[in-house]
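Report on the structure
Residues per chain are reported as follows:
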Amino acid sequence: MGRMICELQRPGMTALHRVGLAGLSMTLDALEHDPEARATLDVAGLTWTRDERKVELEFAEGKEQSAMDRLLQLAFQIDKQGFFKLPALERHTRMGVEQSALLHQCLLGSFLQHGRTRSTGSKANRVIEIDDKRLVLRDFAPITGYSHRNAARSETDKSGKPKASDLFDTQGRFKASISIVGWLYPGGTQRHVGFGESTLEEPVELAICLLFAPIGAIFFRLSSRRTGGKARTALVLPTLASLDLYSRLRRSVVCNGVIELTAASPTDAALQVALLGRTVQLGEELQTQIRVIAFGTVSWAKQQKSRTATYAITPSHLLGLHNYEVACRIFHNQWQTIKAKTDRKGNVKEPEQHFVRPFTAREIIADNIAGQRRWYAGFADWMTNTETRISLQFERKELYQMTQEAQFDHPNERIFIAACHEAWRRRLGQLGDRARREGIAFSRLASGEYEKIRVALARCKNATSLRSVVTEFWSRAGSLPALQSGWNAILPLLEESEWRKARDLALLALASYQPSNADEAKALAESTPTHEEGIEE
């Protein structure tokens, strides 16, 4: 095969094939600007042309294998620290150690998650300094080789004869079709392993596209309270009609670090890419489908990373994208700290460490907007889950800001929240008076009343029970200005068709209440359970 043409719109091209073709185009673009690398490929017998829709590779007669091997050695490198080094991503911006570490973790959590796909050195904990933060890579093993880099290399059998490589037969010619395995198509599975006819096979041109997918794909590290270890890495695959435009999008991610590339959920990662397209002036081109694949650990295969979820969103169909933009600004990722551990004598056993933990509310909002639901839909379910409920109590300030700045489907939703806020403020005032009269701890009274109202709302199963709980809550607070001026607007929320929305709004109001004075702030803080210092990843 002297000529190979890889086209963006060729039949059989999936989202992963297309980002892989973009990765090949980006690699060749980087090599065009590296005179030394370009010269070695000319000697090896490889030339190429590329445009917006396709890449054409031209191999000198009899030099296909050596030329392809040289291309892969240049495309998939390893730096001195044992991190993956992909020159295609560093065409304009050089990757720092923070970005290299993130890429390292994500590749090992997706394409190269199986031990047979890479060779490594000895494992050891490694500390990376990011500004004044210490990020610990546990059991870091420096890479010494991996499948993408060695795909064109042939091994020899016991007699010294060359064996077929992943891409070439024993004669050094491209195979007509390539068996697709996990490191080429992560998450792809072979059913009925005992029957050879069920093996996944691709024409060599499509397999070459998959080979470069780790360069073209966009990675996010996932940290989800809902799914835990089942979602650790997200592979985001946007759809663009131009290889050059996609290259601009992919390279814009390179300068981002752990803060920007940690997502609360797979849908959060996909929506972040949609917003990123706007910042690099690709908003209109990114209105088509964005796919995301999540990888994590499942109980029946803890030794490897499995595909645990897939989603597809179309930004042009998401009416709530504005609310997601508001949520991104309010619930911006932050560093959290794991305090240093000391022994009884005060000697430091483990130094202080840091990690990024996204807001739980951001996960709720992203999942809802990606599913074309109201941004607070299902909030009642999250308030019945112990872990997420405790986490949301530490996001009270941000939740309140979201209720003030987000767009609602109808003004009555904002009025309903305001009425609940005012009712809870009045109730806290009554409890404060009682605490002073009877010498009881205000925080104990506030905590008990909070739980009483929360449980009563969460247990509502129809409009009748919700009306009973809400009207009692309001009536005990006395006259509420929000109800006096907006009662007629609120009434539809208490009807049978809308009661679930009202329950979500009531619990959202309870979780987002902002203390009106120092006594309330202290009482609510003391009634909040101790937050975990951190979860070691």
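It should be noted that the structure appears before, not after, this text.
A few points on the structure. (Residues numbered from 1 in each chain as written. Predicted model: local features only at pLDDT ≥ 70, side-chain atom pairs only at ≥ 80, totals over all residues. Heavy atoms only, no water.)

1. A closer look at the overall build of the protein chain
Within the protein chain, the secondary structure is distributed over 20 helices and 20 strands. Projected onto the principal axes, the alpha-carbon positions of the protein chain cover approximately 95 × 60 × 50 Å. Per-residue burial over the protein chain gives 51% buried out of 537 residues. For the protein chain, the proportion of contacts with a sequence separation of at least 24, taken over those separated by at least 6, is 69%. For the protein chain, the accessible surface area stands at approximately 24700 Å², while carbon and sulfur atoms represent 47% of it. Charged side chains in the protein chain number 72 positive and 63 negative. The centres of these two groups are separated by 5 Å. (Helix = DSSP H or I, 4+ residues; strand = E, 2+ residues; numbered from the N terminus. Buried < 20%, exposed > 50% of the residue type's maximum accessible area, 1.4 Å probe, protein only. Contact = heavy atoms within 4.5 Å. Areas by Shrake-Rupley, 256 points an atom, 1.4 Å probe, with all protein chains shown as cover. Lys, Arg positive; Asp, Glu negative; His and termini not counted. Charge placed at Lys NZ, Arg CZ, Asp CG, Glu CD.)

2. Digging into empty space enclosed by the protein
If you roll a probe as big as a water molecule over the atoms, it shows you where there is empty space left. Evaluation of the coordinates by the stated rule reveals six cavities of 30 Å³ or more. Approximately 140 Å³ is the volume found for the largest cavity. Taken together, L89, M95, Q99, L102, L103, C106, F219, R250, V253, V254, N256 and L261 make up the full set of residues lining the largest cavity. For the lining of the largest cavity, the element with the highest residue contribution is helix α4 (residues 97-108), accounting for four residues. Of the residues contributing to the lining of the largest cavity, the split by class is nine nonpolar, two polar and one charged. Quantified by volume, the second largest cavity comes out at close to 50 Å³. Contributing to the lining of the second largest cavity are L8, R18, V19, A22, P238, L240, S242, L243 and Y246. Listed by contribution, the elements that provide at least two residues to the lining of the second largest cavity are α1 (15-32) and α8 (243-252). Within the lining of the second largest cavity, the residues separate by chemical class into seven nonpolar, one polar and one charged. (1 Å grid on protein atoms, 1.4 Å probe; cavity = no way out; pocket = protein on both sides within 12 Å on 5 of 7 lines; lining within 4 Å. Points joined across faces, edges and corners; volume = space filled by probe spheres on them. Nonpolar A, V, L, I, M, F, W, Y, C, P; charged D, E, K, R; others polar.)

3. Quick word on the sheet that holds strand β15 (residues 290-296)
Ordered by their spatial adjacency, five strands build an open sheet running β14-β12-β13-β15-β16, and the pairing between neighbours is mixed. Two strands close off the open sheet at either side, each with one partner strand: β14 (262-263) and β16 (306-313). Sheet topology note: the strand β13 (residues 233-238)/β15 ladder contains six bridges and is antiparallel. Each residue of the ladder has a partner; that of P238, found in β15, is I290. Strands in contact with α4 are β12 (218-222) and β13; relative to β12, the strand with the most contacts, it is inclined by about 85°. (Pairing = 2+ DSSP bridges. Axes fitted to C-alpha atoms, helices over the stretch in contact; angles between N-to-C directions.)

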